[in-house]
Amino acid sequence: MAHRNLSAFLRTLEEQGDLVRVRERVSPRLEIAEIADRTVKAGGPALLFENVEGSKLPVAINVFGSRGRMLQALEIASWQEWDERLEFFLDPKPPEGILDKLKAIPKVTELASAFPKTVRSGPCQEVVATADAVDLSTLPVLTCWPQDAGPFITMPLVITKDPATGKTNVGMYRMQVYDRATTGMHWQKHKDGASQARGYEREGRRMEVAVAIGCDPATVFSAIAPLPPGVSEFLFAGFVRGEAVPLVAAKTVELLVPAEAEIVLEGYVDPKERRREGPFGDHTGFYSLDDDFPVFHVTAITRREKPVYMTTIVGRPPMEDGFMGEAVERLFLPLVKKAIPEIVDMHLPVEGIFHNLMIVSIDKRFPGHARKTMHAIWGTGQMMFTKTIVVVDRDVDVRNMAEVAWRALTAIDPERDIELVKGPVDELDFAARLPCYGSKLGIDATRKWKEEGFAGRWPDAIAMSPDVKTKIDRLWPSLGIKTGRNG
Ligand SMILES: Cc1cc2nc3c(=O)[nH]c(=O)nc-3n(C[C@H](O)[C@H](O)[C@H](O)COP(=O)(O)O)c2cc1C
Ligand SMILES: [Mn+2]
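A brief report on the enclosed structure follows. (Residues numbered from 1 in each chain as written. Chains lettered and ligands numbered in written order. Predicted model: local features only at pLDDT ≥ 70, side-chain atom pairs only at ≥ 80, totals over all residues. Heavy atoms only, no water.)

1. Remarks on the coordination of the manganese ion (ligand 2)
Of the protein atoms, only Asn 169 (OD1), Asp 192 (OD) and Glu 233 (OE) coordinate the manganese ion (ligand 2), at distances of 2.1 to 2.2 Å. When the donors of the manganese ion (ligand 2) are listed by position in the chain, the intervening gaps give N-x22-D-x40-E. Residue Asn 169 is located in strand β8 (residues 168-171), and its partner Glu 233 is located in helix α8 (residues 233-241); the two are separated by 64 residues in the primary sequence. (Donors = N, O, S within 2.8 Å, 3.2 Å for Na, K, Ca; no water. Helix = DSSP H or I, 4+ residues; strand = E, 2+ residues; numbered from the N terminus.)

2. Some remarks on a nonpolar patch on the surface
Together, Met 464, Val 468, Ile 472, Leu 475, Trp 476, Leu 479 and Ile 481 make up an exposed nonpolar region whose accessible area comes to about 600 Å². Within the secondary structure, Val 468 sits in helix α13 (residues 466-479). Given a relative accessible area of 34%, Val 468 falls into the partly exposed group. (Patch = residues over 30% accessible without salt bridge, like charges linked within 9 Å, V, L, I, M, F, W, Y side chains within 5 Å. Areas by Shrake-Rupley, 256 points an atom, 1.4 Å probe, with all protein chains shown as cover. Salt bridge = Lys/Arg side-chain N within 4 Å of Asp/Glu carboxyl O. Buried < 20%, exposed > 50% of the residue type's maximum accessible area, 1.4 Å probe, protein only.)

3. Concerning the site of ligand 1
Of all residues adjacent to ligand 1, which total 19 residues, the nearest are Met 172, Tyr 173, Arg 174, His 186 and Asp 192. Asp 192 places a polar main-chain atom, nitrogen or oxygen, 2.8 Å from an oxygen atom of ligand 1. For ligand 1, an oxygen atom lies 3.4 Å from a polar atom in the backbone of Ala 225. Considered on its own, ligand 1 offers 640 Å² of accessible surface; in the complex 91% of this is hidden by protein. (Near = heavy atom within 4 Å. Polar contact = N/O pair within 3.5 Å; in protein donor to acceptor, adjacent residues only side chain to side chain.)

4. Remarks on the sheet that holds strand β21 (residues 343-347)
Backbone hydrogen bonds are what pair the strands of a sheet, in a parallel or an antiparallel way. The five strands are arranged β21-β22-β23-β25-β24 in an open sheet whose pairing can be described as mixed. The sheet is open, and its two borders are formed by β21 and β24 (418-424), each paired with just one other strand. Recorded for the sheet is a direction-independent mean angle of 20° between the axes of neighbouring strands. (Pairing = 2+ DSSP bridges. Axes fitted to C-alpha atoms, helices over the stretch in contact; angles between N-to-C directions.)

5. Here we look at the sheet that holds strand β4 (residues 117-118)
Across the sheet, three strands lie side by side as β4-β12-β13; this open sheet has mixed pairing. On the outer flanks of this sheet lie β4 and β13 (256-258), each paired with one strand and no other. As paired elements, strand β12 (residues 246-249) and β13 share three bridges and run antiparallel to each other. The partner of Val 248 across the bridge, within β13, is Val 257.

6. Focus on the nonpolar core
Membership of the largest hydrophobic core comes to 55 residues, with the highest contact counts inside it found for Leu 10, Leu 74, Phe 221 and Leu 331. With sequence-adjacent residues up to four places away left out, Leu 10 is seen in contact with Leu 19, Leu 48, Ala 60, Val 63 and Val 308. Ranked by size, the runner-up nonpolar core spans 42 residues in total, among them Val 134, Trp 145, Tyr 173 and Met 319. (Core = buried A, V, L, I, M, F, W, Y, C linked by side-chain atoms within 4.5 Å. Contact = heavy atoms within 4.5 Å.)

Below you can see the structure in the form of structure tokens.
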């Protein structure tokens with residue numbers, strides 16, 4: 001059974017000793033951030049702050065902040081299990097005979113039951129505030145870092161509808177709180193929310209927006225999933241958690257929102273309006289500088305009787321979002337491999353903050369194959385932002401950075417093996433020559449071929465013969481060699 005809502009997941013974490021309730025009175029201004037930062041960097045538990053200055057609501061943070069919690073949040077036992085589950089859908093074989101057909105039924109049912117279902121009422125609307133009763137200052141919104149321009153809602157599920165297709169998008173875009181009823185809306189140019197907003201802009205009309213804060217963990221996660229435009233995040237969440245996400249009609253806008261959410265903000269974005277947003281201590285580990293972004297006018301707040309405010313902080317890695325990024329990497333690997341079949345494995349080290357570094361291993365089959373792979377990656381979805389791609393041979397473990405450094409650096413003749421291109425870069429890349437536009441680097445660290453103009457002989461990597469290893473394994477205990485004393 002899927003985690004029904006945030007509280008259910010927090011209860012599960014608490015039962016297994018993976019959640020700590022903080023009863024001490026703390027400030028949402030910098031103090032919770034400092035505690036959360038220390039906790040995530042030390043591999044600590046999820047936190048529930050029950051006594052937050054200036055608000056009656058408890059604050060949940062670091063909920064996804066470990067590999068184990070992240071998997072549990074997604075109801076996935078292991079990445080291998082996920083790969084096997086996807087296999088059926090990515091590589092469907094026509095059933096041969098009655099037995100195969102019977103076996104396919106649960107799979108098809110699984111897909112059918114992932115579609116979001118609409119319900120008539122939901123706990124997210126137990127309390128409804130409109131007009132003058134709307135007051136964002138009742139929420140314990142964190143100010144995360146000393147130079148932040150103010151408090152930011154950092155884990156919102158921003159729900160919008162495309163004006164042309166009517167399709168719903170859900171994206172996590174931070175929101176700076178300006179006053180009781182207005183916030184920033186930091187959807188970056190390349191994101192689906194921004195693209196839908198451009199549609200409303202062309203038509204010269206207001207865009208309705210609903211924002212859910214605190215949902216069941218798979219639904220929260222779906223807002224960061226880099227799905228192609230038009231692919232439903234709610235459907236994705238339903239598939240991941242193995243149970244449909246119940247949606248309810250928002251009270252004042254024509255959007256469906258997760259019925260089990262803790263808090264929902266309803267309102268609109270006026271396509272022509274812009275306001276200064278930031279600075280904000282960002283996941284690059286640096287402050288994103290202030291810039292003009294759309295403005296969200298909150299016209300209603302609906303919530304549970306006793307809601308939990310869910311949030312996160314970003315900053316110098318490793319942070320909670322690093323674990324979310326790792327889950328994105330693993331969940332999408334089977335799909336990336338379908339699109340770019342030579343890819344054997346792929347890894348985005350957390351220090352590379354999603355876009356700065358990708359290590360990819362390939363099954364090299366033709367001259368220039370590594371470069372073909374780089375261009376395919378730069379041409380696929382949000383992977384277009386990848387600033388540095390290192391392509392290695394299939395026998396290199398992309399998750400072992402010591403091995404990658406050894407193998408990649410020995411394999412390159414830098415001038416020959418570097419591919420430099422220009423194109424779109426992440427909006428948060430402050431080093432780029434222009435906002436959202438800059439250069440990207442590919443390193444072909446595969447073994448070079450004669451057909452690629454390599455005239456020399458490529459040596460084998462050193463490895464002991466297996467029979468000697470087996471013999472020494474047997475002898476080892478009797479040799480009296482104690483290891484690890486100098487380490
Ligand atoms: C904690 C967190 C905060 C994020 N904040 C933003 C943000 O402020 N603006 C943005 O464009 N993307 C942000 N992202 C990344 C987007 O959520 C991500 O690119 C997602 O795929 C966007 O959804 P979309 O593809 O439907 O546009 C954030 C991700 C995380 C994990
Ligand atoms: Mn999307």
